[in-house]
Amino acid sequence: MTSLLIKNARIVDGTALEPTDPMQIAIEDGRIREVGACVGFTAGEELDLDGLTVMPGLIDCHVHTIASTANLGLNASLPSSLVAARASTLMKNMILRGFTTVRDLGGADRGLQQAVEEGHFTAPRLVICGKALSQTGGHTDYRGPYDNRDVSWYAQALGTLGRICDGKPELLRAAREELKGGAQFLKVMADGGVSSPSDPIGYLVYSVDELTALVEVANGFGTYVAAHLYADEAIVRALDCGITCIEHGNLIGDETIKRVAREGAFVVPTNITYDLLARKGAEFGLPPESVAKVADVREAGLERVVKLHEAGVTMGYGSDLLGGMQTEQSGEFPLRGRYIPADAVIRSATVDAAKVLRMEGEVGVIAPGAHADIIAVEGNPLQNLDLLTGQGAHMPLIMQGGRAIKKAASL
């Protein structure tokens, strides 16, 4: 039995405008046992974090751990062994930025998740949907207009973000296969996308009948459907079908925002990816036709974040970066911070992110029963969100499940 007592922890989790008074955090066997000004706990080790800000491990609700290049068609063709090796590096860098839990929105499978759980990779806790579900010519169909070669192999290749399935029987079979294979939720491409060649933004992908049936399968399994969505019409349609988690949402309308708030659906904006794609997408392998589509969603997404915040919509933190751009994963913090308050930005990567993942009380919080995922930051992120950037440079301690992934010699 391992135990640790953290002293002088001034906690910031986004639920208050100031850090707490100094607290003690009792940790036993990877879980938080007690939190208080003074806890009656005798530990095998003590750690004094006086002078630092203590936060729950950060959560990124939208990553692609297997995307080692922004050219996703090329990524799909890579050997799975090479994809796994590259994913291990990408995931290690994520946790060294303070992200102790991430939700993969297409690509990672149960084998990769199990490798993380068994300790073969130093990585964030991985929440997966398996392969995203896409129709022919939809997002994750990378063949282009003149290529109709069979892509049934998409479902088995680790380097693909999604699989192609058309018609209700095929879609439902694919959904059930992903759930059987370990998916914890389902991801569907319900709108066109930037990184794929044949689907304009606003393309109403899949029929209402197909989407409704997909939600029924997810609900029957006890989980939910997250949907790739940009255009307001596509978002309204998805909500009508019972979809409860909107990824991106850049072009969502004012009335739809009110509906999302009223119905308690979640939105995961991913603005840093458009900011980077517009500036450097071509450098990282994004095809020209995809770079041209970025402008359609870039500015609108940032303006919509303000409206979503004002309406009280629960937003998760999302980066959605590909390949070499993943170094900018933490850039969503200061980018959102230019538009909404810092506490709300932080909350999107802690308490609210846990709601999106349906892991409330497990992650994103420093409270009894939660995983002992804890980071220490030099300075107060409520006053300066840049402290959460810099590849973890301002984080002398990164702890996951009570184990120090990074610990400065001064601690």
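Description of the structure in this document. (Residues numbered from 1 in each chain as written. Predicted model: local features only at pLDDT ≥ 70, side-chain atom pairs only at ≥ 80, totals over all residues. Heavy atoms only, no water.)

1. Some details on the overall build of the protein
Scanning the protein from N- to C-terminus turns up 13 helices and 18 strands. Relative to the compact-globule value of 22 Å for 411 residues, the protein shows a C-alpha radius of gyration of 21 Å, a close match. For the protein, the C-alpha atoms occupy an extent of roughly 65 × 45 × 45 Å along the three principal directions. Sorting the 411 residues of the protein into buried and exposed places 59% on the buried side. At a minimum sequence separation of 6, the contacts of the protein that also span at least 24 residues come to 69%. Accessible surface for the protein amounts to roughly 15400 Å². Of this, 49% is attributable to carbon and sulfur atoms. (Helix = DSSP H or I, 4+ residues; strand = E, 2+ residues; numbered from the N terminus. Rg over C-alpha atoms; globule rule 2.2 N^0.38 Å. Buried < 20%, exposed > 50% of the residue type's maximum accessible area, 1.4 Å probe, protein only. Contact = heavy atoms within 4.5 Å. Areas by Shrake-Rupley, 256 points an atom, 1.4 Å probe, with all protein chains shown as cover.)

2. Describing the packing of aromatic side chains
Any two aromatic rings considered together are summarised by their centre-to-centre distance and by the angle between their planes. According to the stated counting rule, one finds six aromatic pairs in the structure shown. The interplanar angle of 5° and the centroid separation of 5.2 Å between the aromatic rings of Phe185 and Tyr224 together place this pair among those described as stacked. In this pair, Phe185 is assigned in the loop between helix 4 (168-180) and strand 11 (186-189) and Tyr224 in the loop between helix 5 (208-221) and strand 12 (225-231), connecting sequence segments 39 residues apart. A residue is classified by how much of its surface remains accessible, and Tyr224, at 5% relative accessible area, is buried. Every member of this aromatic cluster is reached through a ring pair, and the members are Phe99, Tyr317 and Phe333. Geometry around Phe185 places Arg103 over its ring, the cationic atom sitting 5.0 Å from the centre. (Phe/Tyr/Trp six-rings, centres within 6.5 Å; stacked < 30°, edge-to-face > 60°. Lys NZ or Arg CZ within 6 Å of the ring centre and 35° of its normal.)

3. Quick look at helix 6 (residues 232-240)
Where helix 6 is concerned, the buried positions are Ala234, Ile235, Arg237, Ala238 and Leu239. Tucked into the core, helix 6 has its buried residues touching helix 5, strand 12, strand 13 (245-251) and helix 7 (254-263).

So far we have only geometry, and geometry alone does not tell us how the molecule works.
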